[in-house]
Structures are given as structure tokens and as C-alpha cells.
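Examination of the molecular architecture
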Amino acid sequence: MKKIGLLTRDCAGVNAAIRAVVRTAAFHNIEVVGIFHGYEGLINGEVKLFDRRSVSGIINLGGTILKTSRSIKFRTEEGRNMALKTIKDNNLDGLIVIGGNGSLSGAYVLSEKCSIPIIGIPATIDNDVYGVDMTIGADTAVNVALDALDKIRDTSTSLERIFIVEVMGRECGYIALNVALAGGCEEVLIPEADYNIEKICEEITEGNIRGKISWIIIVAEGKAKAADIAKQVTDITSLQTREVVLGHIQRGGRPTAFDRILAARYGSFAVELMKKGEKNKYVGLNNDKLITLPLKNIVKPKDIKVNDYYKLIKILT
Ligand code: F6P
């Protein structure tokens with residue numbers, strides 16, 4: 001194994017993972033070719049050799065120094081063949097892909113067509129990768145959203161209003177559930193559980209009669225739109241609501257210590273696996289142990305366990 005390629009999506013902690021891959025590879029005298037703009041760059045041959053020093057001073061940076069994109073062309077046969085040509089032209093002996101379900105599904109598709117080993121590293125704020133307790137970026141996203149939520153609480157309590165805060169996560173309620181519990185919110189709506197708007201409004205009205213002055217309801221983007229919930233709550237309770245969509249700020253920011261450490265572990269492990277001759281796997285964490293899963297598992301949905309947190313939110317309100 002002499003030379004490996006590396007491409008990424010973006011979220012906090014990806015740069016720390018790039019650093020871990022490049023420096024572990026350098027430790028084993030393996031060269032790393034950084035591929036810019038994700039699969040689009042693999043198609044177009046946007047590559048640059050990375051050495052130990054090219055990854056200095058990036059451990060604390062959000063985003064990805066490799067840039068990224070959503071490639072439409074990679075979904076076509078022609079695009080994939082061009083990607084394979086870049087792999088061949090650059091004499092790559094392996095490829096490491098850092099990203100969420102989309103990027104790792106792309107890695108799986110590519111692994112079916114090429115002979116070099118591919119190893120995936122799960123990195124997405126959504127924390128929705130099958131078989132993996134934690135993806136890089138999810139912890140930072142929760143903390144970024146929590147920081148915003150604490151600020152919303154200041155105005156919510158001062159103005160005695162109900163705030164409906166929408167967080168990201170696609171079809172997964174991980175960010176919503178964690179932010180709601182850590183932020184002391186009254187209610188959380190997530191894709192993994194049903195909700196009853198009449199019942200929520202009944203609780204708000206009863207609380208209001210008892211003198212409760214403010215509420216914060218977290219809505220996962222995969223479940224509902226904050227604006228729709230705000231309108232329904234106002235219509236039913238006649239109380240003032242405001243909605244906030246936190247959006248892409250959740251994908252940025254300085255990675256937390258947790259994400260940097262996870263990135264170091266995943267990045268190094270991926271290179272070690274490749275060196276050992278493993279192929280077409282993705283790495284993960286299970287009960288704090290590093291594990292590998294076959295890339296073909298990436299299409300399976302993650303089973304999110306919600307009950308404990310869900311119950312706690314209600315008990316602690
Ligand atoms: O998968 C990460 C994520 O940030 C989701 O939480 C969100 O739904 C989506 O990407 C947003 O995608 P885009 O950046 O293409 O708007």
C-alpha cells in the first residue's frame with residue numbers, strides 16, 4: 001500500500017479526521033492524495049498530494065479543507081467511470097471516504113466496481129448511520145444548537161412567549177432529542193415518535209392557567225415544520241408563538257473535544273485497517289469500542305432508541 005485517496009463531506013470534526021488519516025498514513029510511509037469537492041472532484045481529477053504539514057493547524061476548524069459538493073454526475077454510469085479513471089490515473093491503492101449516508105452509499109457503489117479497497121468514516125451531524133453509536137459532527141451540532149437555544153430561552157422567558165425551534169437531522173431525531181433534554185425543553189417532536197398537537201396545547205393551556213409563562217418546543221426537521229407547529233399552537237391556545245429554524249449553523253463551528261477525539265480514532269483506525277488489507281468496510285463505535293461494518297450495510301436504517309430521553313424530558317419539565 002503506497003498511495004491512498006481521501007474525499008470528504010463537511011461537518012465539524014472532518015478536518016480533524018483528515019489530519020488523523022494523513023498523519024497515520026505518513027507514519028506508515030503511505031502517501032495521501034486529497035480529492036477536492038467530494039465525488040465531483042474524483043470525477044474531474046481535482047487532486048493534490050498531502051503531507052504531514054499540509055494538515056497543520058486544522059484540528060480546530062469546522063467544515064472541510066478539501067471542500068465538498070453534491071455530485072449529480074456521480075449518480076450516472078459515465079460519472080462513475082470517470083471517477084474510476086481518476087483512481088487509476090493517480091495510481092491509488094485505496095480510498096477513504098469521510099461522510100454521511102450519501103457519501104458512504106457512494107463508496108459502496110464504487111466498491112462494487114473497483115478493485116482497490118475502500119474504507120468509510122461516518123461523519124454527519126444527523127447521527128443516522130446504521131450500526132454506529134456516534135458519527136463525527138453530531139456532538140458539535142448538538143452543542144451548537146444548545147448554545148443557540150440558551151439564547152432563545154433568554155428572550156422566551158423575558159417576553160413570556162412560546163418558541164418552536166426547528167433543528168436538522170433529516171429523518172433522525174438525534175439532535176432534537178439531545179438538545180431538548182440538555183436544553184430543558186418542554187416538548188420534542190421527532191420522526192421516531194408520534195405526537196398529538198391537541199394534547200400538547202392542552203398542557204400549554206393548563207400550564208398557562210397555573211402561571212407558566214414560557215415554553216420551548218423542539219421540532220426535528222424530519223417530523224414537521226416549525227412554522228406549521230407555531231401556527232397550530234397559536235390557533236388552538238390563542239397564545240403568542242415564535243418560530244426559529246436553526247438551519248446550517250448546526251453543521252459549522254469548532255468541533256467539540258468529543259468530535260476531535262472520535263475523528264482521531266476513526267481516521268487512524270481507517271488507515272490501519274487498509275494497511276492490514278481490509279476492504280469495503282466502514283468504521284464505527286459500539287459501546288466505545290472501534291468496530292467495522294461491511295459497506296453494504298450503509299443502506300440499512302439506524303434504529304434510534306428514544307424512550308429514555310423522551311420520558312426524561314416529560315418528567316423533568
Ligand atoms: O445530512 C446533513 C444535513 O445537514 C441534514 O441535517 C440536512 O437536512 C441536510 O444536510 C441539508 O442539506 P443541504 O446542505 O444540501 O441543504
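Now for a description of the structure that goes with this document. (Residues numbered from 1 in each chain as written. Predicted model: local features only at pLDDT ≥ 70, side-chain atom pairs only at ≥ 80, totals over all residues. Heavy atoms only, no water.)

1. A look at the packing of aromatic side chains
Applying the stated criterion across every chain yields a total of 2 aromatic pairs. When the ring of phenylalanine 36 is compared with that of phenylalanine 50, the centres are 6.2 Å apart and the planes differ by 50°; the resulting orientation is tilted. Linking phenylalanine 36 in the loop between β2 (31-35) and α2 (38-44) with phenylalanine 50 in strand β3 (residues 47-50), this pair joins segments that are 14 residues apart in sequence. The exposure class assigned to phenylalanine 50 is buried, which follows from its relative accessible area of 9%. The residue whose ring lies beneath arginine 80 is phenylalanine 74, and the NZ or CZ to ring-centre distance is 5.7 Å. When the ring centre of tryptophan 215 is taken as origin, the NZ or CZ atom of lysine 212, which lies over that ring, is 4.9 Å away. (Phe/Tyr/Trp six-rings, centres within 6.5 Å; stacked < 30°, edge-to-face > 60°. Helix = DSSP H or I, 4+ residues; strand = E, 2+ residues; numbered from the N terminus. Buried < 20%, exposed > 50% of the residue type's maximum accessible area, 1.4 Å probe, protein only. Lys NZ or Arg CZ within 6 Å of the ring centre and 35° of its normal.)

2. A few points about the sheet that holds strand β11 (residues 289-294)
A sheet is described by the order of its strands in space; here 7 strands give the open sequence β3-β2-β1-β4-β5-β10-β11, paired in mixed fashion. Only two strands of the sheet have a single partner each, and these edge strands are β3 and β11. Each neighbouring strand pair of the sheet contributes to a mean axis angle of 30°, computed without reference to strand direction. Here 5 bridges tie strand β4 (residues 94-99) to strand β5 (residues 118-122), and the two strands are oriented parallel to one another. Its bridge partner being in β5, glycine 99 is matched across the sheet by proline 122. (Pairing = 2+ DSSP bridges. Axes fitted to C-alpha atoms, helices over the stretch in contact; angles between N-to-C directions.)

3. Examining unusual backbone geometry
The phi torsion of most residues other than glycine is negative, and most of the peptide bonds are trans. In this structure, histidine 37 is a non-glycine residue whose phi angle is positive, near 60°. Positionally, histidine 37 belongs in the loop between β2 and α2. On the basis of relative accessible area, histidine 37 is assigned to the partly exposed category, the value being 29%. Not every positive phi belongs to a glycine, and arginine 170 is a case in point at roughly 50°. Judged by relative accessible area, which is 46%, arginine 170 ranks as partly exposed.

4. What to know about the site of the ligand
As a matter of local geometry, the ligand sits amid Arg70, Thr124, Ile125, Asp126, Met168, Gly169, Arg170, Glu221, His248 and Arg251. Taking glutamate 221, its side chain carries an N or O atom lying 2.5 Å from an oxygen atom of the ligand. Burial of the ligand by the surrounding chains reaches 74%, relative to a free accessible area of 400 Å². Its atoms largely coinciding with the cavity grid, the ligand occupies the largest pocket. The residue inventory of the shell around the ligand, partitioned by class, reads 2 nonpolar, 3 polar and 5 charged. Among the domains, domain 1 (3-137 + 255-299) and domain 2 (140-251) are the pair contributing at least three residues each to the shell around the ligand. (Near = heavy atom within 4 Å. Polar contact = N/O pair within 3.5 Å; in protein donor to acceptor, adjacent residues only side chain to side chain. Areas by Shrake-Rupley, 256 points an atom, 1.4 Å probe, with all protein chains shown as cover. 1 Å grid on protein atoms, 1.4 Å probe; cavity = no way out; pocket = protein on both sides within 12 Å on 5 of 7 lines; lining within 4 Å. Sits in = over half its atoms within 2 Å of the grid points. Nonpolar A, V, L, I, M, F, W, Y, C, P; charged D, E, K, R; others polar. Domains from an automatic or database assignment.)

5. Digging into the layout of surface pockets
Reported here for the largest pocket is a volume of approximately 650 Å³. Arg9, Arg70, Gly102, Ser103 and Arg170 are the residues nearest the centre of the largest pocket, which is lined by 32 residues in total. Elements represented by at least two residues in the lining of the largest pocket include exactly β1 (3-8), α2 and α4 (101-111). In terms of residue count, α4 provides more of the lining of the largest pocket than any other element does, 6 residues in total. In terms of residue class, the lining of the largest pocket is made up of 8 nonpolar, 14 polar and 10 charged. Formed jointly, the lining of the largest pocket draws a minimum of three residues from each of two domains, domain 1 (3-137 + 255-299) and domain 2 (140-251). Approximately 230 Å³ is the volume attributed to the second largest pocket. Contributing to the lining of the second largest pocket are Asn127, Asp133, Met134, Tyr174, Leu177, Asn178, Lys302, Asp303, Ile304, Lys305 and Tyr309. At 3 residues, the largest contribution of residues to the lining of the second largest pocket is made by helix α6 (residues 174-182). (Points joined across faces, edges and corners; volume = space filled by probe spheres on them.)

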